[in-house]
Amino acid sequence: MTGRMEPYRIKAVEPLPRTTRPQREAALRRVHYNLFDLRAEEVTIDLLTDSGTGALSAGQLAAAMAADESYAGSGSFHRFRDAARELTSYPHILPVHQGRAAERVLFSTLVGPGKITLSNTHFDTTRANVELTGGEARDLPCPQSRDVDGAAPFKGDIDLESLRAVLDGPEASRVALVLMTVTNNGCGGQPVSMANLTEAAAVCRRHGVPLFLDAARFAENAWLVTRREAAYRGRTPHQVAQEAFRLADGCLLSGKKDGIVHIGGFLGLRDSALARRCEPLLIATEGFPTYGGLAGRDMDMMAVGLAEALDPAYLASREHAAAHLAARARAAGVGIVEPPGLHAVYLDAGRLLGHIPAHRFPGQALACQLYLEGGIRSVELGSLYLGREDEHGEPVASAPHELVRLALPRRVYTRGHLDHVGDVLAQIAGEPGKVPGYRITEQAPVLRHFRVRLEPV
Ligand code: F0G
């Protein structure tokens, strides 16, 4: 059997929405060129996110039927906790409704005004939850991460030199925690090596600073470690993931990615005193510690999903799917963040649409064109997401790269769907000069990409 083959067959199917070009033109105008505001029934291939969009397995649905919906102490919680403990080694498993709730509970307890969190890259909600406590979220990505075309295998690593410099310097006492995001979603979905994680853990231990994993894509990171890090070849993704969790003091885990569930997550903690400090906020805002905002069926499905996500045959087929889409993009002459990871392919819109300056949002231009030509929804990760203007609308900051993320929901789309994306990309890349830039007509002061309105110029 080859790794190209998906290790499952399809038992239930859902018709794809199909639209005409005039319908898509009208839809884009109606939502003011903000793809978050499209109705899902207007989207044919939805690559907006790999979060909560995976297909459930027969095993997960069976577990859901057998779930226990008791308010406290349900069997579902115990099965879920056993699975999470076995994977992570953390004695305290606090269920939450999704990853950002774990962020809020942990950061409200450990961070606060004057405190700093250090990370290879904070995801946007993670940064927002640090800042909401009054703390500062500081990214320390490794230098290789800045080179979009570079083939370095672990561009998700933290910059160890900068980490040591902060922890040896005058700000050390303000550092509340170090957070390693695996894989590094904010940085092209690039993996973190075990060598980097091991050294980061040693630095943290020496300075008495707790280390946490933002482990949304723990299984995909573990897989890429077995594929790219010589010392781990021949190990199973399960073994690598276990070792990664053991290096840290706890984790924030959005189950909507490698838990392959529509909703769910957990905060894992080694320290009993810290778990006791986190519990009151968990109870007040999420729920009693044996359900934390989830139904029993959600916890049972997550317990099964965490194991299914570590199946080497599944991970190999996922790697092949991303590689296939990456190859189609390259063949069309569209540059991508190299080397592709597993959960998404990041397109270099800035280079493809060189005639559109950063403040006319080449990433958003490509995302809108993918929708217009092919009914494909993606997300801009460029100057619309990261840039800023002054009060007169003059651009004052732009993103280092104008990217578009094509996220791959788990077990949802086949190679035929990805070929459609490849065909549409080739069509756009054939006449890039036809793609217009965009101007902001309305925006919110924070997280503007979710609510922004635009028009073509
Ligand atoms: N951490 C990472 C690395 C993430 O990618 C996400 C979500 C979260 C935390 C928050 O988890 O959504 O369960 O609250 N990422 C999604 C995405 C939304 O599209 O990349 P959540």
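These numbers come from a predicted model, not from an experiment. (Residues numbered from 1 in each chain as written. Predicted model: local features only at pLDDT ≥ 70, side-chain atom pairs only at ≥ 80, totals over all residues.)

Looking at the packing of helix H2 (residues 58-65) against helix H11 (residues 296-308)
The interhelical angle for the contact between H2 and H11, taken along N-to-C directions, is 150 degrees, at an axis separation of 8 Å. The orientation of H2 relative to H11 falls into the category roughly antiparallel. Seen along the crossing, H2 lies across H11 with a hand that is right-handed. Counting all contacts with H2, which are made through Gly59, Gln60, Ala63 and Ala64, the residues of H11 involved are Arg297, Asp300, Met301, Val304 and Gly305. (Axes fitted to C-alpha atoms, helices over the stretch in contact; angles between N-to-C directions. Helix = DSSP H or I, 4+ residues; strand = E, 2+ residues; numbered from the N terminus. Parallel < 35°, antiparallel > 145°, perpendicular 65-115°, else oblique. Left-handed = near helix turned anticlockwise from the far one by under 90°. Contact = placed C-beta atoms within 7 Å.)

What to know about the environment of Val43
By the secondary structure assignment, Val43 is in the loop between helix H1 (21-30) and strand E1 (45-46). A residue is classified by how many C-beta atoms lie within 10 Å of it, and Val43, with 20 of them, is buried. Residues Val43 and Arg377 lie 334 residues apart in sequence; the distance between their C-alpha atoms is 6.5 Å. Apart from the residues within four sequence positions on either side, Val43 is in contact with Pro17, Leu38, Gly375 and Arg377. (Buried ≥ 20, exposed ≤ 12 C-beta atoms within 10 Å, placed from the backbone.)

Considerations on the UniProt feature "domain: Aromatic amino acid beta-eliminating lyase/threonine aldolase" (unreviewed entry) in the protein
UniProt annotation of "domain: Aromatic amino acid beta-eliminating lyase/threonine aldolase" (unreviewed entry) refers to residues 46-421 when read in the numbering used here. Within residues 46-421, the helical portion is 43% and the strand portion 15%, while the C-alpha atoms at the span's ends are 11 Å from each other. (UniProt positions renumbered as here; feature names shortened; annotations may be inferred.)

Examining helix H3 (residues 75-88)
Between its terminal C-alpha atoms H3 stretches 20 Å, which fits the 20 Å expected from 14 residues at 1.5 Å a residue. Residues of H3 that are buried include every one of Ser76, Phe77, Arg79, Phe80, Arg81, Ala83, Ala84, Leu87 and Thr88, and no others. Just downstream of H3, Ser89 is the residue with a positive phi angle, here 75 degrees. (Expected span 1.5 Å × (residues − 1).)

Re the site of the ligand
What surrounds the ligand is a group of 15 residues, the closest being Thr49, Gln98, Gly99, Arg100 and Ser254. Going through the elements one at a time, helix H4 (99-110) and helix H5 (124-132) are the ones with two or more residues in the shell around the ligand. Broken down by class, the residue content of the shell around the ligand amounts to two nonpolar, 10 polar and three charged. (Near = placed C-beta within 6 Å. Nonpolar A, V, L, I, M, F, W, Y, C, P; charged D, E, K, R; others polar.)

Some remarks on the domain arrangement of the protein
Taken domain by domain, the protein consists of domain 1 (21-50 + 312-456) and domain 2 (58-308). Tallying the contact residues gives 19 residues for domain 1 and 22 residues for domain 2. At the level of secondary structure, the elements contributing two or more residues to the side of domain 1 that touches domain 2 comprise helix H12 (312-331) and strand E9 (344-348). When residues in the side of domain 1 that touches domain 2 are grouped by element, the largest group, four residues, is from H12. (Domains from an automatic or database assignment.)

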